[in-house]
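So the chains spell out like this:
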Amino acid sequence: MRFTSYSDASVTLAEDLVNTLNIVREVEKLPDVTALSTLLATHGIEPAAPLSEADLDAARELRPVLREVFAAPDTATAVPLLNRVLADHHAVPHYTDHDGSWHLHVAAPDAAPVDAYAVNAAMGLLGVITTGGTERLHVCVGRRCAEVFVDTSRNQSRRYCSPLICGNRASAAAHRARRKPPAAV
């Protein structure tokens, strides 16, 4: 499902950053500045200067805020969190035609890399919320998972971050439970 032309890639920014920390297994996937640099590059954010430990700390501080948005029970809870991200990371909405067509940017051209990442992620999530509702934002219900995702299915029925991994694990566990002989009394 396409939410807005602006939000599609930006939503992935939010998902990918939050999912750099598995809170169930306590696995850190953003251990150093190099990993942050790779994450930024994956999303087309090229810092003007080398990244620092302060940039890494800022990215790590942003994760729980974005996770809270994915877990928010309603729009009234999620939107103020995202508005705070926009304010804290110096959003400067402006139009540009740097690639030949006019389009919206929300990070200042000279924004710090994590600020650019934060405001783009926040705008993407706001696009999802305003067009599809917070019902589209989820935390995986897999037993050993807590990754976040945006449900793009037509009927909003997705429950797992990955139907091929967490979904299959849950199906296999349910199958084993059904096949297990009843306990002796």
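Structure first, text after, so check above.
The structure contained in this document is the topic of the report that follows. All values derive from a computational prediction rather than experimental measurement.

What counts, and at which threshold
Residues numbered from 1 in each chain as written. Predicted model: local features only at pLDDT ≥ 70, side-chain atom pairs only at ≥ 80, totals over all residues. Heavy atoms only, no water. Patch = residues over 30% accessible without salt bridge, like charges linked within 9 Å, V, L, I, M, F, W, Y side chains within 5 Å. Areas by Shrake-Rupley, 256 points an atom, 1.4 Å probe, with all protein chains shown as cover. Salt bridge = Lys/Arg side-chain N within 4 Å of Asp/Glu carboxyl O. Lys, Arg positive; Asp, Glu negative; His and termini not counted. Charge placed at Lys NZ, Arg CZ, Asp CG, Glu CD. Helix = DSSP H or I, 4+ residues; strand = E, 2+ residues; numbered from the N terminus. Buried < 20%, exposed > 50% of the residue type's maximum accessible area, 1.4 Å probe, protein only. Pairing = 2+ DSSP bridges. Arc of directions from axis to C-beta. Polar contact = N/O pair within 3.5 Å; in protein donor to acceptor, adjacent residues only side chain to side chain.

Attention now moves to a negative patch on the surface. A surface patch of negative charge is lined by Asp32, Glu53, Asp57 and Glu61. As for its position among the elements, glutamate 61 is in helix α3 (residues 53-71). Among the residues examined, glutamate 61 registers a relative accessible area of 59% and is labelled exposed.

For the rest of this paragraph, the subject is the pairing of strand β3 (residues 91-96). The pairing of β3 with strand β4 (residues 103-107) spans four bridges and is antiparallel. Its bridge partner lying in β4, tyrosine 95 is registered against leucine 104. If you look at the hairpin formed by β3 and β4, you'll find six residues sitting between the two strands, and glycine 100 has a positive phi there, around 100 degrees.

This part covers helix α2 (residues 33-42). Since the α-helix advances by 3.6 residues per turn, residues separated by three or four positions end up pointing in the same direction. All of the buried residues along α2 are Val33, Ala35, Leu36, Leu39 and Leu40. For α2, the arc enclosing every buried residue in end-on projection is 160 degrees, short of the 170-degree limit, so these residues lie on one face. Opposite the packed face of α2, turned more than 90 degrees from it, sit the exposed residues Thr34, Ala41 and Thr42. For α2, the N-terminal cap is aspartate 32; the gap from its side-chain oxygen to the backbone nitrogen of threonine 34 is 3.3 Å.

For the rest of this paragraph, the subject is a positive patch on the surface. A cluster of basic side chains, namely Arg25, Arg143, Arg144 and Arg169, defines a positive patch on the protein surface. Here arginine 144 lies in the loop between β5 (137-139) and β6 (148-150).

Turning our attention to the pattern of salt bridges. Following the criterion strictly, the structure yields four salt bridges and no others. One salt bridge in this structure joins arginine 60 and glutamate 28, with 4.0 Å as the shortest N-O distance. On the criterion of sequence distance, the pair formed by arginine 60 in helix α3 and glutamate 28 in strand β2 (residues 27-28) is long-range, its members being 32 residues apart. The partner of glutamate 28 in a salt bridge is arginine 63, with the nearest N and O atoms 2.7 Å apart. On the criterion of sequence distance, the pair formed by glutamate 28 in strand β2 and arginine 63 in helix α3 is long-range, its members being 35 residues apart. Salt bridges here are not isolated pairs; linked through shared partners, they connect Glu28, Arg60 and Arg63.

It is worth spelling out unusual backbone geometry at this point. In this structure, glutamate 26 takes a positive phi of about 55 degrees despite not being glycine. Tracing the sequence through the fold places glutamate 26 in the loop between β1 (21-22) and β2. For glutamine 156, which is not a glycine, the phi torsion comes out positive at approximately 55 degrees. The topology assignment puts glutamine 156 in the loop between β6 and α6 (163-179). When its relative accessible area of 35% is taken as the criterion, glutamine 156 is described as partly exposed.

None of this, on its own, says anything about what the molecule does.
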